[in-house]
Amino acid sequence: MSRSAHPAGPRHADVLTEGHYSAPAADLNILDEKVWSRTVTRDADGALTVGGIGVARLAEEFGTPAYFLDESDFRARCRAWSEAFGPDADVFYAGKAFLSRAVVRWLQEEGLHLDVCSGGELTTALDAGMPAERIAFHGNNKTVAEIERAVEAGVGRIVLDSFQEIVRVAHIARSHGVRQRVQIRVTVGVEAHTHEFIATAHEDQKFGIALADGQAAEAVRRALGLDSLELIGIHSHIGSQIFDMAGFEVSARRVVQLLAEVRDEHGVELPEIDLGGGLGIAYTSDDDPREPHEIAKALSDIVTRECESAGLRTPRISVEPGRAIVGPTAFTLYEVGTIKPLEGLRTYVSVDGGMSDNIRTALYDAEYSVALVSRTSDAEPMLVRVVGKHCESGDIVVKDAFLPADLAPGDLIAVPATGAYCRSMASNYNHALRPPVVAVRDGEARVIVRRETEEDLLRLDVG
Ligand code: LLP
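Model, not experiment: these values are computed from the prediction.

Visitor: Honestly, the overall build of the chain in this entry has me stumped. Any pointers?
Guide: Along its length, the chain carries 13 helices and 24 strands. Here the chain has a C-alpha radius of gyration of 24 Å; the compact-globule value for 463 residues is 23 Å, and the two agree. Across its three principal directions, the C-alpha atoms of the chain cover 80 × 50 × 40 Å. Counting all 463 residues of the chain, 55% fall into the buried class. Long-range contacts, defined as pairs at least 24 residues apart, comprise 71% of the intrachain contacts of the chain with a sequence gap of at least 6. Taking the 47 positively charged and 71 negatively charged side chains of the chain as two groups, their mean positions are separated by 3 Å.

Below you can see the structure in the form of structure tokens.
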């Protein structure tokens, strides 16, 4: 179907009559720098380029769907975080957001530490040469084999998540003749997501040991009593996609209170606190994330103030941003396929990927933006729902967005801010082949995770 012949979906005017959606705030050809990685721009022909390479070339060379990761932006964000927190703090990148051996090397070069939460992530980190002492090992149900591997490798810290795990790690460390550095993960009674934080029902979750009822103090007592453990601090992680620092404030205050209790009871000042990750990013133009230096200042002010009033030495702070580092650095490139206009409602735009490469919309009702990137267009905006090719009506990539009404099969569209929790949560649903991750930097593009092939699928299927 030619572009001009394509029947347009509901137009701008229809959308307004519908009453639920207003016109898009900005010109659809403008790429909001809040949601796109830093080297993204449009070239003279209107096509999106990243790291100096145009999307047409990227699509031809690497196919679609594919994730394109802006390496210099990733590195710049690592540096911004470590500079913001300074030499008296440690930034642990949360590998669950997206991990590959290239990423591990970039982290090392940029001086970051790494948080892993499975044997697979640990293996990837070690294989790429991350020094074990720079690794923190997390998880609510680490297996004995995983703990053994972490202890043998000499990871810098294991974050203990339960009473049973205190005993388990102590036993394994003892049998390896090691004094393992550990933190205890506490649940501070705050659960924060996006704009608000909830101070109820927080203990009703699988992670961590509750501060309430003296559970965490008891965990500290037990850990301090075990020779094979060196308790270095307390860990707290309060949620995801958080913009409001108030939740961190409560969390830091409660963790410092625990440190003071520990000092009073045991005469020990634990030297570290980890405030976890969860800092929000912009998925759409409506989101206003904080800059690392603002976050660093807010957190260190809170901790310093609370420690002063408790008469404690200020502990070394660590944080674990995943999404805030990798999220904004990548976009997913799709080719437009079937277009289904529903008069008076919206237009369904099908792409060659879907919930297998981005489960977040289906799983969390996450919001994303989308743009036509192979060209610009002066056509009117039309309300679209970008959907995948999977056999499921919940297979939605972008729930509500505007694209130009002359959109046609073969156009390339891109969804920004897909660097975190998209490839790492990708699936083979419908035997989809998980897309590659291509790092782009200074005019060069290279595959860092290759596209799956049908041979890969058949290799696992042993008949
Ligand atoms: N530290 C701990 C202990 C965590 O549990 C997490 C995330 C992080 C750090 C990193 O959080 P971040 O800065 O990336 O928000 N799949 C969900 C997110 C789950 C996050 C789980 N823990 C999503 O796609 O939104």
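Visitor: What is the right way to look at the domain arrangement of the chain in this model?
Guide: The figure often quoted for interface size is the accessible area lost as the parts come together. One can read the domain layout of the chain as domain 1 (12-70 + 328-460) and domain 2 (138-321). Distance from the C-alpha centre of domain 1 to the C-alpha centre of domain 2: 36 Å. Listed by partner, the interface residues are nine residues for domain 1 and eight residues for domain 2. A combined buried area of about 790 Å² lies between domain 1 and domain 2, and 51% of that area is made up of carbon and sulfur atoms. Counting every contact that joins domain 1 to domain 2 gives one salt bridge.

Visitor: Can you walk me through the sheet that holds strand β10 (residues 191-193) in this structure?
Guide: Pairing between sheet strands relies on hydrogen bonds along the backbone, with the strands arranged either parallel or antiparallel. Spatial strand order, β11-β10-β14: three strands in an open sheet with mixed pairing. Two strands bound the open sheet, and with one partner strand each, they are β11 (196-198) and β14 (239-240). Here three bridges tie β10 to β11, and the two strands are oriented antiparallel to one another. Within the sheet, the bridge partner assigned to Glu191 lies in β11 and is Ile198.

Visitor: Hey, could you run me through helix α9 (residues 246-266) in this one?
Guide: Side chains three or four residues apart in an α-helix point the same way, a direct result of the helix having 3.6 residues per turn. Here α9 contains 21 residues, and its C-alpha end-to-end distance of 30 Å stays within 8% of the 30 Å for a straight helix at 1.5 Å per residue. Among the residues of α9, Gly247, Phe248, Val250, Ser251, Ala252, Val255, Val256, Leu258, Leu259, Ala260 and Val262 are the ones counted as buried. As for α9, its buried residues are in contact with β9 (180-187), β11, α8 (215-224), β13 (229-235), β15 (272-274) and α10 (292-310). One or two steps after α9, the chain reaches Gly267, where phi turns positive at roughly 70 degrees.

Visitor: Even after reading the chapter, I still don't get the side chain of Ser37, so can you show me in this structure?
Guide: In this fold, Ser37 is placed in the loop between α1 (12-18) and β1 (41-42). Within polar-contact distance, the side chain of Ser37 engages the side chain of Asp70 at 2.7 Å.

Visitor: Teacher, can you tell me more about the packing of aromatic side chains here?
Guide: Geometrically, a pair of aromatic rings is defined through the distance of the ring centres and the angle of the planes. Scanning the model with the defined rule gives seven aromatic pairs in all. Note on Tyr283 and Tyr368: the rings are 5.0 Å apart at their centroids and 75 degrees apart in plane angle, and the pair reads as edge-to-face. Linking Tyr283 in the loop between β15 and α10 with Tyr368 in the loop between α12 (360-364) and β19 (371-372), this pair joins segments that are 85 residues apart in sequence. Judged by its relative accessible area of 4%, Tyr283 is buried. Here the aromatic residues Trp36, Phe62, Phe68 and Phe331 are joined through ring pairs into a cluster of three or more.

Visitor: Looking at this structure, how should I read the sheet that holds strand β3 (residues 53-54)?
Guide: Here three strands make up an open sheet; going across it, the order is β1-β2-β3 and the pairing antiparallel. Sheet topology places β1 and β3 at the edges, where each strand pairs with a single neighbour. Summarising the sheet, strand β2 (residues 48-50) and β3 pair through two bridges and their orientation is antiparallel. Within β3, the position partnered with Val50 by the bridge is Ile53.

Visitor: Before we go on, may I ask you to explain the packing of helix α5 (residues 119-127) against helix α6 (residues 144-153) in this structure?
Guide: The description of two helices packed together rests on the angle between their axes and the distance between the axes. At a minimum axis separation of 10 Å, α5 and α6 run at an interaxial angle of 25 degrees. Accordingly, the angle class assigned to the pair α5 and α6 is roughly parallel. As α5 runs across α6, the sense of the crossing is left-handed. In this structure, α5 contributes Gly119, Leu122, Thr123 and Leu126 to the contact, and α6 contributes Glu146, Arg149, Ala150 and Ala153. Tallied by class, the residues present in the contact of α5 with α6 amount to four nonpolar, two polar and two charged.

Visitor: What is the right way to look at the site of the ligand in this model?
Guide: In the region of the ligand, 18 residues are neighbours, and Glu320, Arg323, Arg360, Tyr364 and Tyr421 sit closest. The contact in question runs from an oxygen atom of the ligand to an N or O atom on the backbone of Gly322, over 3.0 Å. The side chain of Tyr421 places a nitrogen or oxygen atom 2.6 Å from an oxygen atom of the ligand. Class assignment of the residues belonging to the shell around the ligand gives a composition of five nonpolar, seven polar and six charged. Two domains each put at least three residues into the shell around the ligand: domain 1 (12-70 + 328-460) and domain 2 (138-321).

Thresholds applied
- Residues numbered from 1 in each chain as written.
- Predicted model: local features only at pLDDT ≥ 70, side-chain atom pairs only at ≥ 80, totals over all residues.
- Heavy atoms only, no water.
- Helix = DSSP H or I, 4+ residues; strand = E, 2+ residues; numbered from the N terminus.
- Rg over C-alpha atoms; globule rule 2.2 N^0.38 Å.
- Buried < 20%, exposed > 50% of the residue type's maximum accessible area, 1.4 Å probe, protein only.
- Contact = heavy atoms within 4.5 Å.
- Lys, Arg positive; Asp, Glu negative; His and termini not counted.
- Charge placed at Lys NZ, Arg CZ, Asp CG, Glu CD.
- Domains from an automatic or database assignment.
- Buried area = accessible area lost by both parts, 1.4 Å probe.
- Salt bridge = Lys/Arg side-chain N within 4 Å of Asp/Glu carboxyl O.
- Pairing = 2+ DSSP bridges.
- Expected span 1.5 Å × (residues − 1).
- Polar contact = N/O pair within 3.5 Å; in protein donor to acceptor, adjacent residues only side chain to side chain.
- Phe/Tyr/Trp six-rings, centres within 6.5 Å; stacked < 30°, edge-to-face > 60°.
- Axes fitted to C-alpha atoms, helices over the stretch in contact; angles between N-to-C directions.
- Parallel < 35°, antiparallel > 145°, perpendicular 65-115°, else oblique.
- Left-handed = near helix turned anticlockwise from the far one by under 90°.
- Nonpolar A, V, L, I, M, F, W, Y, C, P; charged D, E, K, R; others polar.
- Near = heavy atom within 4 Å.

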